[in-house]
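Notes for the structure review
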Amino acid sequence: MNVIIIEDEKPSARRLQRMLDKLTIQAETMLHSVEESIEWFQNNPHPDLIFLDIQLSDGLSFEIFEAVEVKSAIIFTTAYDEYALQAFKLNSIDYLLKPIDEDELNKAIKKYQENQPQKQQVTIDFNDIKKLLINPIEREYKKRFSVKVGQHLKLINIDEIECFFSENKGTYLYTIEGRNYLIDMTLDQLEEELEPQMFYRINRKFFVNINAIKDMVSYTNSRLQIKLNNYNEQEVIVARERVRDFKNWLE
């Protein structure tokens, strides 16, 4: 299988290359910009599969397809919200959200191998996609949650919530009043329902509200520890692979 990686962040590209090596897949070619990719496609046989980051250093990677007719299967690697990605009508195999998980990468590769796609032209309405990324889909995110308190239902507004966390196979929200409530959703489901400018998933177990952050402290292994206004039941740590995206989110 002939595979290339198009990714502007060289450490991320090398990390993906190492992950592919573990799956006995060699990606010897790594491209880092729209301009470099266009020149490469114009002068080389097209690969079977491309791992393609959406945002490159000199523009959106879809600009590559405006200049050349790419005949490869694509797995997108991106930090964009998966809900928005589902609006793209592309000849793609899968989406991998950053930071890339090894299990998800393995599933995407298997999906590609099982489908054995025929090479065909990638058709993209670039203008629609550009609008989508510059002016994200206007959608309604959850403004409140209903929780059960005894035999009663209580409504909690989104701005009253400091964080969401998982514990003992349950998902909880924690309020500014210092109370936990069990909710009937997983953190993965919450990812599609929470306003991304307000809430960030710092690790597999926590979402934090930007307005609830009181302090941030350097922690072991290049991680960050978050101090929230009220929540102190357990340490709130930004996973190492998410620190950079978290810092960008803060800004």
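Quantities reported herein were computed from a predicted structural model and do not represent experimental measurements.

Here we take up helix α5 (residues 102-115). Compared with an ideal rise of 1.5 Å per residue, which puts 14 residues at 20 Å, α5 spans 20 Å between its outermost C-alpha atoms and is within 8% of the ideal. By the burial criterion, the buried members of α5 are L105, A108, I109 and Y112. An end-on view of α5 places all buried positions within 95 degrees of arc, on one side of the element. For α5, exposure combined with an orientation more than 90 degrees from the buried face picks out D103, K107 and E114. Between a side-chain oxygen at the N-terminus of α5 and the backbone nitrogen of D103 the separation is 3.0 Å; the capping residue is D101.

A word on the packing of helix α1 (residues 10-22) against α5. Remark: α1 packs on α5, axes separated minimally by 11 Å, with the N-to-C direction vectors making an angle of 65 degrees. Between α1 and α5 lies a crossing whose hand is right-handed. The residues of α5 that touch α1, namely those facing L16, M19, L20 and K22, are E102, L105 and I109. Classifying every residue of the contact of α1 with α5 gives five nonpolar, no polar and two charged.

In this fold, S33 is placed in the loop between β2 (29-31) and α2 (34-43). Here E36 takes part through its backbone nitrogen, which lies 3.0 Å from a polar atom of the side chain of S33. Not counting the four nearest positions on each side in its chain, S33 is found in contact with L56, S57 and D58.

Right, let's get into a negative patch on the surface. Side chains of E35, E36, E39 and D58 sit close together on the surface and give a patch of like negative charge. Residue placement: E36 occurs in helix α2. Classification of E36 by relative accessible area gives partly exposed; the value is 33%.

This brings us to the sheet that holds strand β10 (residues 161-167). Judged by pairing direction, the sheet is antiparallel, and its five strands sit side by side in the order β12-β11-β10-β14-β13 without closing on themselves. Lying at the two open borders of the sheet, with one neighbouring strand each, are β12 (180-183) and β13 (199-201). Across the sheet, the axes of successive neighbouring strands diverge by a mean angle of 20 degrees, strand direction being ignored. Both β10 and strand β11 (residues 170-175) contribute to a ladder of six bridges, which runs antiparallel. Considered in β11, the bridge of I161 is made with T175.

Reading the values: the criteria
Residues numbered from 1 in each chain as written. Predicted model: local features only at pLDDT ≥ 70, side-chain atom pairs only at ≥ 80, totals over all residues. Heavy atoms only, no water. Helix = DSSP H or I, 4+ residues; strand = E, 2+ residues; numbered from the N terminus. Expected span 1.5 Å × (residues − 1). Buried < 20%, exposed > 50% of the residue type's maximum accessible area, 1.4 Å probe, protein only. Arc of directions from axis to C-beta. Polar contact = N/O pair within 3.5 Å; in protein donor to acceptor, adjacent residues only side chain to side chain. Axes fitted to C-alpha atoms, helices over the stretch in contact; angles between N-to-C directions. Left-handed = near helix turned anticlockwise from the far one by under 90°. Contact = heavy atoms within 4.5 Å. Nonpolar A, V, L, I, M, F, W, Y, C, P; charged D, E, K, R; others polar. Patch = residues over 30% accessible without salt bridge, like charges linked within 9 Å, V, L, I, M, F, W, Y side chains within 5 Å. Areas by Shrake-Rupley, 256 points an atom, 1.4 Å probe, with all protein chains shown as cover. Salt bridge = Lys/Arg side-chain N within 4 Å of Asp/Glu carboxyl O. Lys, Arg positive; Asp, Glu negative; His and termini not counted. Charge placed at Lys NZ, Arg CZ, Asp CG, Glu CD. Pairing = 2+ DSSP bridges.

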